Amino acid sequence: MDQESMHGPDNYKPLPVVLSEAKGVWVWDVDQNKYLDMMSAYSAVSHGHAHPELVKVFHNQSKTLALTSRAFYTNTLGPYLETITKMSGFEMALPMNSGAEAVETAIKAARRWAYRSKKIEPNKAEIIVANGNFHGRTTTIISFSSEPNSKDDFGPHTPGFVSVEFGSSQAVEEAINKNTAAVLFEPVQGEGGIIEPPDNWLPDVREICDKNNVLMILDEVQSGLGRTGKLFAYEHSNIRPDGLILGKALGGGFMPVSVFLSSEEVLQWMNPGSHGSTFGGNPLGSAIAKRSLELLEEEGLIENSRIMGEYFKNSLLELNSGIIKEIRGKGLWLGVEIDPKYIEGKALSKLLLSKGILCKETRETTIRFAPPLIIRREEIDWAVEIIGDTLKRIERKEK
Ligand SMILES: *Cc1c(COP(=O)(O)O)cnc(C)c1O
């Protein structure tokens, strides 16, 4: 811990535990204490730690062919792109590494489309985003964040973004003008505190976008790939976006793999030289991502997320704790809103850590629970008992 803070800046403030091993839903610290992972690296470890199938792919692919750059074809990228486009129903996929890079890719693709297909005047394109968003940490992306500490003194900020109230169709409609290229939202705001919009919002935005020839792009880096109990969170609303951004769990808990999915109509303008990444679409990442996608279906992880998520939510509600004000979210992705009169999120995360549960607050008063999608009923029971006991002790002001 001292080495980290001595030799690195304080841009993270980790919980006081030093992890050294993990398997499935469990992790161990350097003193061999065992914890249930209810955070999953912000939903990037949906398959569980060191999934045996993925370890095999990782091992085999890394010693066969790991990195070539896209100056050449490989025998792994094609099969991966075919799998992800078939599974998602989008025509084309542009592979990148981190989530933020895939968001940048979406922004660039939307702007190219806007200038070349929609014929918006040069340099006038606007993208509508939502207040409270989280899309990553690049200079352009933080330009349209509404979180002061994410953007203050990192300017000058990139222009071309208009931020509206999350969940308001009227705000979207009013923000649209002839220069609007796209809307870009998370269907459920993750870092914002697992905030779900009103049910009619996505269908309304879909209609507004259709009417105005505006691309509807969804960032499902955190909500996608089974996290909410469907392959994609937008499926709860029976709509389809024009563009979709995925990351996190796509890398199977091993490595950064992200992608921007869209139609040929949108991606046709990404010609040679316009965009790329040395590591994007690399053989190792492609092999891992392909298998990660297949496993979601083969092992019923999406279904398990739905069933266990509901069970987890109900079990927490049955605690009837005065400290819990609200539980938001679907699938294995819950935001538990706690009453700061009793305890702050950070302090509760620390207490749960000391009792063997890894989780993390988002904002000050929301505890996010996002365990690997392989979690079983008895593991949830174990966690709920500890959470219930902890909350009772807080109410009684005991340790
Ligand atoms: C985590 C996240 C990102 C950024 O992904 P990185 O891999 O950290 O760059 C983008 N969008 C959403 C919704 C996220 O949750």
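Position numbers for residues count from 1 along each chain, tracking the sequence in the order it is written. Note on the predicted model: pLDDT of at least 70 is required for a residue's local features to be given, and 80 or more for side-chain atom pairs to be given and counted; whole-chain, interface and lining totals, by contrast, use all residues. For side-chain calculations, the full set of non-hydrogen atoms in the structure is used, while hydrogens and water are omitted.

### Comments concerning the sheet that holds strand 3 (residues 34-37)
Strands are treated as partners if at least two bridges between them are detected by DSSP. The helix count covers DSSP runs of H or I at least four residues long, the strand count covers runs of E at least two residues long, and both are numbered beginning at the N terminus. If you walk across this open sheet you meet the four strands as 1-2-3-13, and the pairing is mixed. One side of each edge strand has no neighbouring strand; the edge strands of this open sheet are strand 1 (19-23) and strand 13 (357-358). As judged from the four bridges shared by strand 1 and strand 2 (residues 26-29), these two strands associate in the antiparallel manner. Across the sheet, Lys23 pairs through a bridge with Trp26, a residue of strand 2.

### Here's the deal with the site of the ligand
If you check the shell around the ligand, you find Ser98, Gly99, Ala100, Phe134, His135, Gly136, Glu186, Asp219, Val221, Gln222 and Lys248 and nothing else. Whenever two N or O atoms come within 3.5 Å, that pair is a polar contact, provided that in protein one can donate a hydrogen and the other can accept it, and provided that, for residues adjacent in sequence, both atoms are side-chain atoms. Within the backbone of Gly99, one N or O atom sits 2.8 Å away from an oxygen atom of the ligand. Contact between the ligand and Ala100: an oxygen atom at 2.8 Å from a main-chain N or O atom of the residue. Per-residue and other accessible areas follow the Shrake-Rupley method at a 1.4 Å probe size, with only the shown protein chains counted as cover for residues. Coverage of the ligand by the protein amounts to 80% of the 390 Å² it exposes when considered alone. By the convention adopted, Pro, Cys, Tyr, Trp, Phe, Met, Ile, Leu, Val and Ala count as nonpolar, Lys, Arg, Asp and Glu as charged, and the other residues, Gly among them, as polar. Taken together, the residues of the shell around the ligand sort by class into three nonpolar, five polar and three charged. If even one non-hydrogen atom of a residue comes within 4 Å of a molecule or strand, that residue is called near it.

### Some details on the environment of Gly322
As for its placement among the helices and strands, Gly322 is situated in the loop between helix 12 (301-317) and strand 11 (324-328). The spacing of Gly322 and Asn123 is 199 residues in sequence and 53 Å in space, taken between C-alpha atoms. Apart from the residues within four sequence positions on either side, Gly322 is in contact with Asp339, Tyr342 and Glu395. Two residues qualify as a contact provided that any one of their heavy atoms is within 4.5 Å of a heavy atom in the partner residue.

### Observations concerning the pattern of salt bridges
For salt bridges, the criterion is a side-chain nitrogen of Lys or Arg within 4 Å of an Asp or Glu carboxyl oxygen. Counted according to the given criterion, the structure contains 22 salt bridges. Residues Arg206 and Asp210 are paired through a salt bridge, measuring 2.8 Å at the closest nitrogen-oxygen approach. Of this pair, Arg206 and Asp210 both sit in helix 9 (residues 201-212), four residues apart, roughly one helical turn. Whether a residue is buried, partly exposed or exposed follows from its accessible area with a 1.4 Å probe, protein chains only, as a fraction of its type maximum: under 20%, in between, or over 50%, in that order. With relative accessibility at 11%, the residue Arg206 sits in the buried group. When the shortest N-O distance is used, the salt bridge between Arg376 and Glu378 registers 3.7 Å.

### Let's talk about the layout of surface pockets
Empty space among the atoms becomes visible once a probe the size of a water molecule is rolled across them. The space that makes up the second largest pocket amounts to roughly 450 Å³. Lining the second largest pocket are 16 residues, and of these Arg70, Ala93, Leu94, Pro95 and Met270 sit closest to its centre. Element by element, the count of residues in the lining of the second largest pocket is highest for strand 4 (residues 92-96), at four residues. Here the lining of the second largest pocket is built from residues that sort into eight nonpolar, seven polar and one charged. Only protein atoms enter the 1 Å grid used here, on which a cavity is any set of points holding a 1.4 Å probe that cannot leave and a pocket is any open set flanked by protein within 12 Å on both sides along at least five of seven lines; residues with an atom within 4 Å of a point are listed as lining. Grid points are joined across faces, edges and corners, and a volume is the space filled by probe spheres set on the points.

Honestly, it's all geometry; don't read function into it.
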